[in-house]
Amino acid sequence: MTDDLSASLQAAAEVLRAATDVTLLAHVNPDADALGSALALGLALRRLGKTVRVSFGAPEEVPETLRDLDAAGLLVPATEVPRSPEVLVALDTGSVGRLGPLADRLGTAGQVVVLDHHVSNPGFGTVNVVDVEAEATALVVLRLLDVLGVELDEPVARCVYAGLVTDTRSFRHARPATHEVAARLLAAGVDGEAVARPLMDSHPFGYLGMLAKVLARASLDVAAVGGRGFVHAVVTLEDAAGMRPEEVESVVDLVRTTAEAEVAAVLKELRPSYWSVSLRAVSAVDVREVAQLLGGGGHRLAAGFTAEGDAAVVLEKLRGALEAVGSKALG
Ligand code: 5GP
Ligand code: MN
């Protein structure tokens, strides 16, 4: 860990120790790393006697598979986030825009602590702990818990594990030290399979029918990205009817298995002609750069952006950005 990181962790711990009321925010459409990180820290701060709430800008519903992590009932709707929070903590949120409608609280909060692992994070807090080496924001939170001297009990460890197992794709992208962290979480009582299965391997039967439709329309362009290949699929609102966000989000995990493609994309229609796009690369192309050209962000091998318009138009823009970044990767 660098000196800078140690210093910013100490500064974050000081702000939190001095606080009486802490509001923790995950990014919009929160995943297990964002909400797991927020809930882990929230549980710990509650135990230290703080008033704590956890929220996110959109959608209104908490993803079903993440509800169990909220052992202490810390989650509140976005409408219950104070106008001027005493201390605001933004977790796993690589840019201001990812806070969605709650981004305005950055201007009214007394202090803003940013805990993240996105290389593109501009450091929009008064204290910023951004560890780009960390495979998950949950690891940054665990470090902070250690600085705060909070005991790692099972409910807290489970939240950390949820973020870690998903962001590392079941520990495939994990340094040796991160496997040691996993061992520590299991020793604290986490049941790894029980946490991971609902998050990654469990869907209602209707999912199979949705996949059959969506994957049948998937398209492969082997010549794209300088011959490295590009595969994509589109999930319309009609395809997603009756599905949870969890089912829609997992489509990219199948599309990305296409051996002929370095880059995979899934366009997910959130409202009519408004798309959230997931990008994945195998190893050679930096899809964060691609996403950033289109107003989004993320990591080198997993990134995303949002776009308005017909799917065909969004795809054309995406192809343009892919060629711009792909030719650089090859050149
Ligand atoms: P996913 O495809 O799982 O939604 O997201 C993959 C990665 O891209 C995550 O690290 C996430 O933070 C980032 N990401 C996804 N969508 C957006 C977006 O619209 N804007 C930004 N800045 N990052 C995004
Ligand atoms: Mn993350």
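All of these numbers come straight from a predicted model, not from anything done at the bench.

## Focus on the pairing of strand β2 (residues 51-56)
Next up, step 1: Judged by how many residues are buried, β2 sits mostly within the fold: 5 of 6 residues are covered.
Next up, step 2: The pairing of strand β1 (residues 21-26) with β2 spans 6 bridges and is classified as parallel. Paired with Leu-25 across the bridge in β2 is Ser-55.
Next up, step 3: After leaving β1, the chain enters helix α2 (residues 32-47) and then returns to the sheet as β2, a path that is right-handed.

## Topic: the coordination of the manganese ion (ligand 2)
Next up, step 1: Asp-33 (OD), Asp-92 (OD), His-117 (NE2) and Asp-167 (OD) make up the full set of protein donors to the manganese ion (ligand 2), lying at 2.2 to 2.4 Å.
Next up, step 2: Sequence spacing among the residues donating to the manganese ion (ligand 2) works out to D-x58-D-x24-H-x49-D. In this pair, Asp-33 sits in helix α2 while Asp-167 sits in helix α5 (residues 154-167), placing the two residues 134 residues apart along the sequence.
Next up, step 3: The exposure class assigned to Asp-33 is buried, which follows from its relative accessible area of 0%.

## A closer look at unusual backbone geometry
Next up, step 1: Residue Pro-59 follows Ala-58 across a cis peptide bond; omega there is -5 degrees.
Next up, step 2: Position of Pro-59 among the secondary structure elements: in the loop between β2 and β3 (87-91).
Next up, step 3: Positive phi values are uncommon outside glycine, yet Ser-170 reaches one of about 55 degrees.
Next up, step 4: You can see Ser-170 is positioned in the loop between α5 and α6 (176-187).
Next up, step 5: With relative accessibility at 39%, the residue Ser-170 sits in the partly exposed group.
Next up, step 6: Notably, Val-225 is not glycine yet its phi reads approximately 50 degrees, a positive angle.
Next up, step 7: Residue position: Val-225 is located in helix α9 (residues 224-227).
Next up, step 8: Classification of Val-225 by relative accessible area gives buried; the value is 0%.

## Looking at the domain arrangement of the chain
Next up, step 1: Along its sequence, the chain is carved into domain 1 (3-200) and domain 2 (206-329).
Next up, step 2: Using C-alpha coordinates to define each centre, domain 1 is positioned 27 Å away from domain 2.
Next up, step 3: Opposite the 10 residues of domain 1 that make contact, domain 2 presents 9 residues.
Next up, step 4: Across the domain 1 to domain 2 interface the summed buried area is about 790 Å²; carbon plus sulfur atoms make up 52%.
Next up, step 5: Seen at the junction of domain 1 and domain 2, the total is 1 salt bridge.
Next up, step 6: For Glu-64, the salt bridge is made with Arg-244, and the minimal N-O distance between the two is 2.9 Å.
Next up, step 7: Counting every contact that joins domain 1 to domain 2 gives 4 residue pairs in polar contact (both at pLDDT 80 or more).

## Points about the site of ligand 1
Next up, step 1: His-118, Ser-278, Arg-280, His-299 and Ala-303 are the nearest of the 16 residues found near ligand 1.
Next up, step 2: Between ligand 1 and Gly-297 there is a distance of 3.2 Å, counted from a nitrogen atom to a backbone nitrogen or oxygen.
Next up, step 3: For the shell around ligand 1, the secondary structure elements donating two or more residues are β9 (274-281), β10 (297-298) and β11 (302-308).
Next up, step 4: Taken together, the residues of the shell around ligand 1 break down into 3 nonpolar, 9 polar and 4 charged.
Next up, step 5: Built from parts of two domains, the shell around ligand 1 gets at least three residues from each of domain 1 (3-200) and domain 2 (206-329).

## Examining the side chain of His-117
Next up, step 1: Relative to the assigned elements, His-117 resides in the loop between β4 (111-116) and β5 (127-130).
Next up, step 2: In terms of polar contacts, His-117 uses its side chain to reach the backbone carbonyl oxygen of Ala-134, at 3.0 Å.
Next up, step 3: Here Glu-135 takes part through its backbone oxygen, which lies 3.5 Å from a polar atom of the side chain of His-117.
Next up, step 4: Setting aside its immediate chain neighbours within four residues, His-117 contacts Asp-33, Asp-92, Asp-131, Val-132, Ala-134, Glu-135, Ala-136, Thr-137, Asp-167 and His-299.

## Focus on the nonpolar core
Next up, step 1: The biggest cluster of nonpolar side chains holds 63 residues, and the ones touching the most others in it are Leu-24, Leu-41, Val-89, Leu-115, Leu-144 and Leu-185.
Next up, step 2: Among the elements that take part in this core, α2 stands out by supplying 10 residues, more than any other.
Next up, step 3: Beyond its immediate chain neighbours, meaning those up to four positions away, Val-89 contacts Leu-16, Val-22, Thr-23, Leu-24, Leu-25, Leu-41, Val-113 and Leu-115.
Next up, step 4: Val-225, Trp-275, Leu-301 and Val-314 belong to the second-largest nonpolar core, a separate cluster that totals 26 residues.

Calculation notes
- Residues numbered from 1 in each chain as written.
- Chains lettered and ligands numbered in written order.
- Predicted model: local features only at pLDDT ≥ 70, side-chain atom pairs only at ≥ 80, totals over all residues.
- Heavy atoms only, no water.
- Buried < 20%, exposed > 50% of the residue type's maximum accessible area, 1.4 Å probe, protein only.
- Helix = DSSP H or I, 4+ residues; strand = E, 2+ residues; numbered from the N terminus.
- Pairing = 2+ DSSP bridges.
- Right-handed = clockwise from strand over helix to strand, strands pointing away.
- Donors = N, O, S within 2.8 Å, 3.2 Å for Na, K, Ca; no water.
- Domains from an automatic or database assignment.
- Contact = heavy atoms within 4.5 Å.
- Buried area = accessible area lost by both parts, 1.4 Å probe.
- Salt bridge = Lys/Arg side-chain N within 4 Å of Asp/Glu carboxyl O.
- Polar contact = N/O pair within 3.5 Å; in protein donor to acceptor, adjacent residues only side chain to side chain.
- Near = heavy atom within 4 Å.
- Nonpolar A, V, L, I, M, F, W, Y, C, P; charged D, E, K, R; others polar.
- Core = buried A, V, L, I, M, F, W, Y, C linked by side-chain atoms within 4.5 Å.

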